[in-house]
Every structure is written in C-alpha cells, then in structure tokens.
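Observations on chain architecture
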Amino acid sequence: MPPPRAFATLAALPALYALTALATFGLLAGCDTTPKKPEDCARIDWRSEGRSTALNGRAMESGWRRGAACQQLGVNPDRKAFESGWAEGQATYCTPGFLLREGRRNDALGPICQGMDEAVLQRAWNHGRLLHEADQRIQRLDGDLASLRARADDVKLPAGNRDTARAQLSGVIAARAQAVATRERLEAEANANGWGLGR
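Computed from a predicted model, the values in this text were never measured in an experiment.

Take the pattern of salt bridges next. Enumeration over the complete set of coordinates arrives at 16 salt bridges. Of the charged contacts in the structure, one is a salt bridge between Asp-142 and Arg-176, with a shortest N-O distance of 2.4 Å. Taken together, the residues Asp-142 in helix α8 (residues 118-153) and Arg-176 in helix α9 (residues 159-192) connect sequence positions 34 residues apart. For Asp-142, a relative accessible area of 31% gives the class partly exposed. On the basis of relative accessibility, which here comes to 26%, the residue Arg-176 falls in the partly exposed class. With a closest N to O distance of 2.9 Å, Arg-166 and Asp-163 form a salt bridge. Within this pair, Arg-166 and its partner Asp-163 are both found in helix α9, separated by 3 residues, close to a single helical turn. On the basis of relative accessible area, Arg-166 is assigned to the partly exposed category, the value being 42%. For Asp-163, a relative accessible area of 47% puts it in the partly exposed group. By sharing partners, the salt bridges in this structure join Arg-104, Asp-135, Arg-183, Glu-187 and Arg-199 into a single network.

To continue, consider the state of the cysteines. Considering all chains together, one arrives at 2 disulfides under this definition. Bridging Cys-41 to Cys-70, the disulfide has an S-S length of 2.1 Å. On the S-S bond that ties Cys-41 to Cys-70, the torsion sits near -105 degrees, and the link is left-handed. With Cys-41 in helix α2 (residues 38-42) and Cys-70 in helix α5 (residues 65-72), this pair connects stretches of sequence that are 29 residues apart. Here Cys-41 and Cys-70 have matching classes, each one buried. Disulfide partner of Cys-94: Cys-113, at an S-S distance of 2.0 Å. Residues Cys-94 and Cys-113 are joined through a disulfide that is left-handed, its torsion about the S-S bond being -90 degrees. Remark: Cys-113 occurs in the loop between α7 (96-104) and α8 and Cys-94 occurs in the loop between α6 (79-93) and α7; sequence separation between them is 19 residues.

The rules behind the values
- Residues numbered from 1 in each chain as written.
- Predicted model: local features only at pLDDT ≥ 70, side-chain atom pairs only at ≥ 80, totals over all residues.
- Heavy atoms only, no water.
- Salt bridge = Lys/Arg side-chain N within 4 Å of Asp/Glu carboxyl O.
- Helix = DSSP H or I, 4+ residues; strand = E, 2+ residues; numbered from the N terminus.
- Buried < 20%, exposed > 50% of the residue type's maximum accessible area, 1.4 Å probe, protein only.
- Disulfide = S-S within 2.5 Å.

Right, dumping it as structure tokens:
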C-alpha cells in the first residue's frame, strides 16, 4: 500500500496559492469566454459572475477579466455587483465544510481565504484529500475484484490460472474491507468536526 500523500503545511500555503493561481490561469487560457462585442457584456450577470469566481477559489481580479474586456468595448460593467457576488461566494467557499468537499473532489485549494482561520480550513481540505484517496482506493479495488472474479470464472482459461485468481480474491476482498473502514473512519471524523461527509 503506497504511503499517504504529503499535504501542504500551513507554512506552505503561499506557495500552494501561487501554484493554484497559475493552474487556474492556464485553464482559463484554454477556454475563451472573453466578450467580443457589447451585446456579450449585456448578457452577463455580474453578481453571479463574482459569486462563481469565488466559489471556484479564484481571486477577485482573476475573475474580473471579462469585466475589463467589457470596459475596453466601451461598456460599463457593474463592478459593485461583481464584488458583492464575490464576497458572497467567498463567505461560502472559506468554510470547512465547503473545503472538505473541494478536497474530496480533488479540487485545488484556492487563494482566497487569507486572514481567516487558515489552520482549520487547511485541515478540512487536507481531510477531504484523504477521503478522495480512500474513495479512489476503493474504486481501484472494486476493479481488481471484478477482474479477478471474471478470471476465476472464465472456463477458457487454464485451471491453474483460475485457481490463482481465486487465491488472490481473498486478499483483495480483505484490502477493500480495510479501505472501506478507513473511509468510514475519515467520514466519522469529519462529522465529529461538524464538516459533514464532503460528498
């Protein structure tokens, strides 16, 4: 069984935030939703734009690029609505329960919670990553079980191969039971902290 993944410590948060910002920028560069004409700007709900920016863990200015593009088109986007929506999104994002879910989905920790209870938020996100790894391990073991059972029942295979598959089944079944127990323990710990299950 591979060792647990090493997670960022609180001291490493600035570096983690910088990497997240670079990754976000790279993703945005590959998806061009920049307004090309004034009508495009008229269709944007700036409050929702700000909220979704924060809920994706993105800093306010990184999400304002469409607003800046609209300004260049001679349109006056509603910056106050954008900022208000971003603040709403940040208030939701920077909570342990939300960041637990982000970690469990294997999403990066965004750079927008500085000055808050960063130690708790980091811990919740790290816990979500542990849950993600537990989920992934169970999925891999489920695949192994399906493959071994198919081999064990495949009459086209030599008897020795089928016997080998049957012999391996018990070990994989035991490993899966242990992985499920680990996930249940992690979920219980998350619940005990008041973070929910992270689903």
